[in-house]
Amino acid sequence: MQKIIDRFISYVTIDTQSDPKSTSTPSTAKQWILANRLVEELRDIGMQDVSVDENGYVMATLPSNTDHEVPVIGFIAHMDTSPDFNGTNVRPRVIEKYDGKDIVLNEEENIVLSPRYFEDLVQYKGQTLIVTDGTSLLGADDKAGIAEIVTAMEYLIGHPEIKHGKIRVGFTPDEEIGRGAGKFNVEKFGAEWAYTMDGSQIGELEYENFNAAGVTIRIKGKSVHPGYAKGKMVNSMLIANKFANMLPPKEIPQRTEGTEGFFHFHSIKGDVENTVLEGIVRDHDFDKFEARKELLQKIANELNFRYGNVITLEMEDQYYNMREKIEPVFHIVEIAEQAMKAAGVPPIIKPIRGGTDGSQLSYMGLPCPNIFAGGHNFHGKYEYVPVQSMQKATEVIVQIARLTAEQQAGL
Ligand SMILES: [Zn+2]
């Protein structure tokens, strides 16, 4: 157990926060520190073809140890941490035999990780937890995934009696800013399918995510002295308000769950003359997703008709539901499910209310479901990871490697 703890801590104490405002890849130079470290470590444990490309993508191979033809599979995790919360000076704390009570993260600032708010904690009573000191995120998202993949590869190298095909591993920068898959060289990776180790609690297995689009609504008004504005002034802020009110009021993030889609405005900037409304559209169902975009267009047309071409609407698709790409190769989900059961982990299969690197990779020709990495409360100071969950994730990787070889050999 100590080994995976040490490995995990050695990663999270390296600051790898990504930056959405940067245009370079990786978006922050500090991600190179972890990338280069991983290259060294992968070589040290005996991986082959270890490489890092000019964009900071780390790849390596564990060669096959069987004579059978086995499909090449891959495991992927991301190196960056979220720009939403401080990722500098991460000081992880290991709590052994968690007693199920409040955990004081920071006495000075009275920051407490409590099972009263975070009910999931209760299920880890008696286990070893890694928590923050309350001033930063932890970075289990997704350094737990990296630690699990590296540990699983090391285990397979040390246990040649476990037969497996060729396995590729990939560590990407900039997932948290939506660019992890962007410069991923699928051809160079050369796997038939892969798994991202980037889910949350133990058991999670995901192959369905949102269809996603970004929306920018620009509204032009007409500013006139308010005392003499009758019949002349057009207040762009009020039209923005009208626009928002013409959408179905219950289809918003705070009133939806499961496979229910929504519209969400996350920014409004305006004055009388100009207002810009920015938002997102999300739906698991592709037809409903398209219908949502059509509704936005219809409202824009209606308001343009009423006020005289005041609105320009820009919509851009961001990613799609990977289910469409996974269903034709569903055995890759079944192998993961069997692997979890073999590791004694009951699978929790549910649609992701978001996207993953895997959804983009699936559309780039690398079908890529998502598996739990074990952490909770991502992107904030309450983030924690149970060490036993990391160990189970490691075991799941080993089992997937074994099962893929066995099934192909028809054993
Ligand atoms: Zn992640």
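Since the structure is predicted, the reported quantities are computational estimates derived from the model, not experimental observations.

Here's the deal with unusual backbone geometry
With omega at -5°, the peptide bond leading from Thr 25 into Pro 26 counts as cis. Here Pro 26 shows up in the loop between helix 1 (2-12) and helix 2 (31-45). Note that the residue after Asp 141, namely Asp 142, is joined by a cis bond; omega there is 10°. Among the secondary structure elements, Asp 142 is positioned in helix 3 (residues 140-158). A positive phi angle, near 45°, is found at Lys 97, a position not held by glycine. In this fold, Lys 97 is placed in the loop between strand 4 (93-95) and strand 5 (103-106). A tally of 10 C-beta atoms within 10 Å means that Lys 97 is categorised as exposed.

A closer look at the sheet that holds strand 1 (residues 48-52)
Here eight strands make up an open sheet; going across it, the order is 1-2-8-3-9-16-10-15 and the pairing mixed. With one partner strand each, in any of the chains shown, strand 1 and strand 15 (348-349) form the two edges of the open sheet. When strand 9 (residues 193-199) meets strand 16 (residues 370-372), the two strands line up parallel, connected through three bridges. Looking across to strand 16, one finds that Thr 196 is bridged to Asn 370. Contacts between helix 3 and the sheet are confined to strand 2 (58-62), strand 3 (73-78), strand 8 (167-172) and strand 9, with strand 3 contributing the most and set at about 145° to the helix. In this fold helix 8 (residues 331-342) packs onto strand 9, strand 10 (204-206) and strand 16, with an angle of close to 175° to the strand it touches most, strand 10.

Things to note about the domain arrangement of the protein
When cut into domains, the protein gives domain 1 (2-208 + 322-409) and domain 2 (211-319). Placing the centre of domain 1 and that of domain 2 at their C-alpha centroids yields a distance of 37 Å. On the domain 2 side, the residues contacting the five residues of domain 1 number four residues. Here the side of domain 1 that touches domain 2 is built from residues that sort into one nonpolar, three polar and one charged.

Cut-offs applied
Residues numbered from 1 in each chain as written. Predicted model: local features only at pLDDT ≥ 70, side-chain atom pairs only at ≥ 80, totals over all residues. Helix = DSSP H or I, 4+ residues; strand = E, 2+ residues; numbered from the N terminus. Buried ≥ 20, exposed ≤ 12 C-beta atoms within 10 Å, placed from the backbone. Pairing = 2+ DSSP bridges. Contact = placed C-beta atoms within 7 Å. Axes fitted to C-alpha atoms, helices over the stretch in contact; angles between N-to-C directions. Domains from an automatic or database assignment. Nonpolar A, V, L, I, M, F, W, Y, C, P; charged D, E, K, R; others polar.

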